[in-house]
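Architecture at a glance
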Amino acid sequence: MTNQNLEKRAVDLFAVALSRSLGDSRVIVDSDILAQFSRDKSHCEGVMPDVAVRVKSEDELTSVLKMANEYNVPVVARGAGTGKAGGAIPLRGGLVLDMTRLDQLLEVDRENLLAVVRPGIVTGNLQSMVENEGLFYPPDPNSLDTCTIGGNVAHNAGGPRAFKYGVTREYVMGLRSVLMGGDVVVSGKRTVKGVTGYDVTALMVGSEGTLGVFSQITLRLTRKPPVLSTLLIPMPDEESAGIAVSRIVAAGIVPRVLEFMDTTIVDVLRTKGVTGIDDGTGALILAEMDGDSEELVERATLQLADVCETLGAGEILMARHGGDREKLWAARRVMSDAVAETARHKVSEDIVVPRSLAPQLLTGLKKISKRFGVKVASYGHAGDGNYHVNVLWDDEGFNVTPVVAEVFRLTLALGGTITGEHGVGIAKKPYLPWEQGTSLIALQRSIKQVFDPKGLLNPDKIF
Ligand SMILES: Cc1cc2nc3c(=O)[nH]c(=O)nc-3n(C[C@H](O)[C@H](O)[C@H](O)COP(=O)(O)OP(=O)(O)OC[C@H]3O[C@@H](n4cnc5c(N)ncnc54)[C@H](O)[C@@H]3O)c2cc1C
């Protein structure tokens, strides 16, 4: 028998054992449903799993991972499948664990400012639930209406509010993780401080579903800031926008959001009639301030506007409340789809450079665009130096790989990193050695070996 036949036979026997253990109705082999689990929101090609289970409890997860380990079946945990690096694609087939039904909010502890959740809870739902109680979970990936907290922890997701509040890592206090073989590892704490042993929780955050499957997550909360103000700032060009971002930071102003949109994006948004763009607009800044006092927020808002005005900003739009604020966010919300509509193909990267080197990055991207004859549109979390670089083209036969490689070369030459929040997955696997040395990669491989000696959990990802 060939290796492939042996693997197929192992999966068939596993599926039978799974049906015996959970009941036939719980084991998904319907090809239409399996096809939904074959890909994510990356440009990576999908791969069909052989079987899937919608996990309903930690006990069930434990027994399924024990069985899969015995039968040598590869396993991929899946949240909402919004990942942009191919992390949830079952590259070797096998079992997909759909975690979206394990989605309960188990506890909100107001005195200790924490929440305990199951991994399948949708990030936006968790935020609304805690905000109803005057509390706040700040990480806000733009996919928050669909993505899950489990996926966010696996990718250490960021979002526009990361500039002030940090990324998911800063909010994960503790985890229950189930390893291949079914062992449950409880890590972290419910206290503000605590340094007992290695920080295994920190290791699991950002491990892209390769070390263990989260079954429970303890998250730090803060008080919801009552005062908000949003600004949409039209800048004459990208350079002045870049300088404005640096000056805002240098002035000690700490907006919770500081987003940037380049000239190409402004041109696309202009055709959509988006509010706040006039003929002289060459770049946009979307900023948001929050705090406890009207006076302090007002003062910081005016200070930020002042910095931009001295650099030639056009008419700055400001809003304080729900609907009006949403109008200013429209540019940011419609942008991704609007840009994608302008070409038949799009690849989106999420690189980070030191904040102060944004002007050099944008100049370098222009050169790349010219050299390869493709459109490059960039937007992103400018406060963090994190840019989503979109390469757009129409020609079916065009090979985009050299363009992407050039974007990564430029990023690394500026002292940056090839992924700020989307993870390595499959998409960035070939470029990992460009950023990390052989000993660091070897060390990470050894860690993977300790957690998953047979290499069955989300295999062939990252390395
Ligand atoms: C329109 C759009 C906007 C986006 N904006 C942002 C953004 O602003 N910031 C950002 O960081 N990302 C963003 N993303 C990317 C994506 O939403 C995030 O990476 C998100 O964290 C993925 O969550 P998910 O539930 O969809 O996970 P999936 O895509 O299903 O899985 C992602 C990874 O997590 C692992 N995983 C899932 N659940 C578990 C679990 N319970 N235990 C262990 N591993 C698990 C999977 O194996 C996989 O490796 C965006 C994506 C889209 C489509």
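Residues numbered from 1 in each chain as written. Predicted model: local features only at pLDDT ≥ 70, side-chain atom pairs only at ≥ 80, totals over all residues. Heavy atoms only, no water.

Right, let's talk about the domain arrangement of the chain for a bit. Here the chain is described as being made up of domain 1 (3-100), domain 2 (105-223) and domain 3 (227-413). Domain 2 puts 9 residues into the contact, and the matching count from domain 3 is 15 residues. Each partner contributes to the roughly 980 Å² buried at the junction of domain 2 and domain 3, and carbon and sulfur atoms together form 56% of this total. Contact with domain 3 buries area across many residues of domain 2, yet Pro160, Phe163 and Lys164 alone supply 64% of it, more than any other trio. The tally of links between domain 2 and domain 3 comes to 1 salt bridge. (Domains from an automatic or database assignment. Contact = heavy atoms within 4.5 Å. Buried area = accessible area lost by both parts, 1.4 Å probe. Salt bridge = Lys/Arg side-chain N within 4 Å of Asp/Glu carboxyl O.)

The subject of this paragraph is the sheet that holds strand E6 (residues 114-117). Picture the strands of a sheet paired through backbone hydrogen bonds; they go either parallel or antiparallel. Across the sheet, 5 strands lie side by side as E5-E6-E10-E8-E9; this open sheet has antiparallel pairing. Each having just a single partner strand, strand E5 (105-109) and strand E9 (184-188) make up the two edges of the open sheet. Within the sheet, the average angular offset between the axes of one strand and its neighbour, ignoring direction, is 10°. Two elements, strand E8 (residues 172-178) and strand E10 (residues 213-220), share 6 bridges in a ladder whose sense is antiparallel. Bridge pairing in E10 places Ser177 opposite Phe214. (Pairing = 2+ DSSP bridges. Helix = DSSP H or I, 4+ residues; strand = E, 2+ residues; numbered from the N terminus. Axes fitted to C-alpha atoms, helices over the stretch in contact; angles between N-to-C directions.)

Here the focus is the environment of Leu258. Mapped onto the fold, Leu258 is located in strand E13 (residues 257-261). The spatial distance from the C-alpha of Leu258 to the C-alpha of Ala162 is 9.3 Å, given a sequence separation of 96 residues. Excluding anything up to four places from it in sequence, Leu258 contacts Pro160, Val245, Ile248, Val249, Ile285, Leu286, Ala287, Gly380, His381, Ala382 and Gly383.

Another point: the state of the cysteines. Using the criterion set out here, one finds 0 disulfides in the structure. There is no disulfide at Cys44, and the cysteine sulfur nearest it, in Cys147, is 18 Å away. (Disulfide = S-S within 2.5 Å.)

Positioned with a positive phi, Leu113 is a non-glycine residue whose angle comes to about 50°. If you trace the backbone, Leu113 turns up in the loop between E5 and E6. A residue is classified by how much of its surface remains accessible, and Leu113, at 22% relative accessible area, is partly exposed. (Buried < 20%, exposed > 50% of the residue type's maximum accessible area, 1.4 Å probe, protein only.)

With 8 of 8 residues buried, strand E18 (residues 386-393) lies mostly within the body of the structure. Burial along E18 is two-sided: the face carrying Asn386, His388, Asn390 and Leu392 and the face carrying Tyr387, Val389, Val391 and Trp393 are both buried. Both strand E16 (residues 345-352) and E18 contribute to a ladder of 8 bridges, which runs antiparallel. Looking at the pairing, Ile351 lines up with Tyr387 of E18. Here strand E17 (residues 375-381) runs beside E18; their pairing, made up of 7 bridges, is antiparallel. Across the sheet, the residue bridging to Tyr379 is His388, located in E18. As consecutive antiparallel partners, E17 and E18 are separated by 4 residues, and within that stretch Gly385 has a phi angle of approximately 70°, a positive value.

All right, on to the site of the ligand then. Ala77, Gly79, Thr82, Ser143 and Thr148 are the nearest of the 33 residues found near the ligand. One of the backbone N or O atoms of Gly83 is found 2.8 Å from an oxygen atom in the ligand. Taking Asn458, its side chain carries an N or O atom lying 3.4 Å from an oxygen atom of the ligand. Its free accessible area being 980 Å², the ligand has 93% of it covered by the protein chains. The set of elements that each furnish at least two residues to the shell around the ligand consists of strand E3 (75-78), helix H5 (149-155) and E10. (Near = heavy atom within 4 Å. Polar contact = N/O pair within 3.5 Å; in protein donor to acceptor, adjacent residues only side chain to side chain. Areas by Shrake-Rupley, 256 points an atom, 1.4 Å probe, with all protein chains shown as cover.)

This paragraph deals with the environment of Lys366. Topologically, Lys366 is positioned in helix H12 (residues 358-372). Sequence separation between Lys366 and Ser57 is 309 residues, and the spatial gap between their C-alpha atoms is 50 Å.

This structure, assessed with the given rule, holds 30 salt bridges. One salt bridge connects Glu58 with Arg176, and the closest N-O pair in it is separated by 2.7 Å. Residue Glu58 is found in helix H3 (residues 58-70), and its partner Arg176 is found in strand E8; the two are separated by 118 residues along the sequence. Taking relative accessible area as the criterion, Arg176 reaches 26% and is therefore assigned partly exposed. One salt bridge connects Arg256 with Glu288, and the closest N-O pair in it is separated by 3.2 Å. Of this pair, Arg256 sits in the loop between helix H8 (238-250) and E13 while Glu288 sits in strand E14 (residues 283-291), and the two are 32 residues apart along the sequence. For the pair Arg256 and Glu288, one class covers both residues: buried.

Attention now goes to the sheet that holds E14. Ordered in space as E15-E12-E14-E13-E17-E18-E16, the 7 strands form an open sheet in which the pairing is antiparallel. In the strand order of this sheet, the two ends are held by strand E15 (317-319) and E16, each with one partner. On average, each strand axis in the sheet is inclined to that of its neighbour by 15°, with strand direction left out of account. The strands that H12 touches are E13, E16, E17 and E18; relative to E17, the one it contacts most, it runs at about 160°.

Time to look at H3. Turn by turn, an α-helix covers 3.6 residues, leaving residues three or four places apart pointing in a common direction. Taking 1.5 Å per residue as the helical rise, H3 with its 13 residues ought to reach 18 Å, and the 18 Å between its terminal C-alpha atoms agrees with that figure. Taken residue by residue, H3 has Glu58, Glu60, Leu61, Thr62, Val64, Leu65, Met67, Ala68 and Asn69 as its buried positions. (Expected span 1.5 Å × (residues − 1).)

In terms of nonpolar packing, the biggest core is built from 49 residues, with Ile233, Met235, Ile285, Leu304, Cys308 and Leu365 touching the most fellow members. Excluding its chain neighbours within four sequence positions, the residues that come into contact with Leu304 are Leu231, Ile233, Ile248, Ile253, Pro255, Ala287 and Met289. Grouped together as the second largest cluster of nonpolar side chains are 25 residues, Ala17, Val27, Val55 and Val64 included. (Core = buried A, V, L, I, M, F, W, Y, C linked by side-chain atoms within 4.5 Å.)

Its place among the elements puts Glu349 in strand E16. Dropping the residues within four chain positions of it, Glu349 is found in contact with His43, Tyr387, His388, Val389, Val404, Phe408 and Lys428.

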